Amino acid sequence: MPTDLTIRTYDTPPHLGRHQVLDARSLAYRRPYDGQPLRTTEWEPRIPVLNQQQLVAQGIYTSRDYGCADDVDALSSCTGNAGTALLSVLLSREQANAAGLNTDDAAAAEHFAIGLYADATARDEWRDAQWPIQDVGSSGLGVAKVLRDRGLIDEYGHATTAEELCALLQTGPVLFGMPWYSAFSEPDSSGFVDSDPSWAASPLEGGHEVCVTALETVAQTDGELDPDHTILRFRNSWSASWADHGDGRLRLSTYLALREQIDIVQPRRDGDTP
């Protein structure tokens, strides 16, 4: 196993599935925040909202399609789903279709996400188990490496501070790996997963990967970010019926509260603006 990785594993129930993996080599090349203006941004995925659950209802049979012993109705494939949503922003529809990502058909795009997840479990050098033999979950870093291996991105970068995160969102969406508390599964009517002030007291369900697609609100006090009023929006992979048409929101203060357990990866294409 590589010795320059920082790894934190989580339970992997089939609606979640992310582990935190940090690579010291790539973290060393992150882009420090240089004081640039931070503005609201929005990056819209070109695919329908995906669903890593209710697979059979989507016509996805893991025994027939992937050689599993049985058909399962959900997978710990959130990393692949988040990576697919992000990729659909980076690629034009023509580029996506050429890469095998159908931007019009949700089930076909879910198949792409499952394949990305499978490859990421193989790319996660820190563990031996892989899917489809075992539904083990994966990491944002693993997905980024697979996208680069496939030639779909040129590089990936990281953020480790609130300012760096907001700066990355000026140029594109990011993969956002986080611990998932049970309170997050019950967002309020506006999609805020952290609306319950006692969310941290709810049970930790596991790790989850989402794609942050928007810096919806940038609030500042005396020239500094106001984390309680700076808002992130993310695309989840639990169908369009979840939260705000499949999207959730959280405050930057929640990121700060969980920062030690969060990893942020931004896959990029050189010279391309989503």
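Before any of the text, the structure's been laid out above.
Notes on the structure in this doc start here. Note that the structure is a prediction, hence the values are computed from the model and not measured.

**Some thoughts on the nonpolar core**
Membership of the largest hydrophobic core comes to 32 residues, with the highest contact counts inside it found for Leu165, Phe176, Trp180, Leu232 and Ile264. Those elements giving two or more residues to this core turn out to be helix H7 (162-168), strand S5 (174-181), strand S6 (204-217), strand S9 (231-235) and helix H8 (252-258). Sequence-distant contacts of Leu232, defined by excluding residues within four places in its chain, comprise Leu165, Leu169, Phe176, Val212, Ala214, Leu215, Gly248, Arg249, Leu250 and Leu252. One finds Val21, Leu87, Leu90 and Leu116 within the second-largest nonpolar core, a separate group that totals 29 residues.

**Regarding the pattern of salt bridges**
Inspection of every chain in the model, using the stated rule, returns 18 salt bridges. Residue Glu42 pairs with Arg233 through a salt bridge whose shortest N-O separation is 2.9 Å. Here Arg233 lies in strand S9 and Glu42 lies in strand S3 (residues 41-42), a separation of 191 residues in the sequence. Residue class for Glu42 comes out exposed when judged on its relative accessible area of 52%. A relative accessible area of 8% places Arg233 in the buried class. Where Arg235 meets Glu44, a salt bridge forms, and the shortest distance between an N and an O atom there is 3.4 Å.

**Brief notes about helix H5 (residues 106-123)**
If you check H5, its first and last C-alpha atoms are 25 Å apart, about what 18 residues at 1.5 Å a residue would give, namely 26 Å. Looking at H5, one finds that the buried residues are Ala109, Glu110, Phe112, Ala113, Ile114, Leu116, Tyr117, Ala118, Ala120 and Thr121. The inward-facing, buried residues of H5 abut helix H2 (62-66), helix H3 (78-90) and helix H6 (140-149). Capping the start of H5, Asp105 holds a side-chain oxygen 3.1 Å from the backbone nitrogen of Ala107, two or three residues further along.

**Some remarks on the environment of Ala85**
Relative to the assigned elements, Ala85 resides in helix H3. For Ala85, the residues in contact, after removing those within four places along its chain, are Pro45, Ile47, Cys211 and Arg235.

**Structural notes on the environment of Arg269**
Structurally, Arg269 can be placed in the segment after strand S11 (263-268). Arg269 gets classed as buried once you look at its relative accessible area, which sits at 19%. Between the C-alpha atoms of Arg269 and Ser198, which are 71 residues apart in sequence, the distance is 40 Å. What Arg269 contacts, discounting residues up to four positions off in sequence, is Leu90, Leu91, Gln95, Leu152, Ile153 and Asp154. A distance of 3.0 Å separates the side chain of Arg269 from the backbone oxygen of Leu152, its partner in a polar contact.

What counts as what
Residues numbered from 1 in each chain as written. Predicted model: local features only at pLDDT ≥ 70, side-chain atom pairs only at ≥ 80, totals over all residues. Heavy atoms only, no water. Core = buried A, V, L, I, M, F, W, Y, C linked by side-chain atoms within 4.5 Å. Buried < 20%, exposed > 50% of the residue type's maximum accessible area, 1.4 Å probe, protein only. Helix = DSSP H or I, 4+ residues; strand = E, 2+ residues; numbered from the N terminus. Contact = heavy atoms within 4.5 Å. Salt bridge = Lys/Arg side-chain N within 4 Å of Asp/Glu carboxyl O. Expected span 1.5 Å × (residues − 1). Polar contact = N/O pair within 3.5 Å; in protein donor to acceptor, adjacent residues only side chain to side chain.

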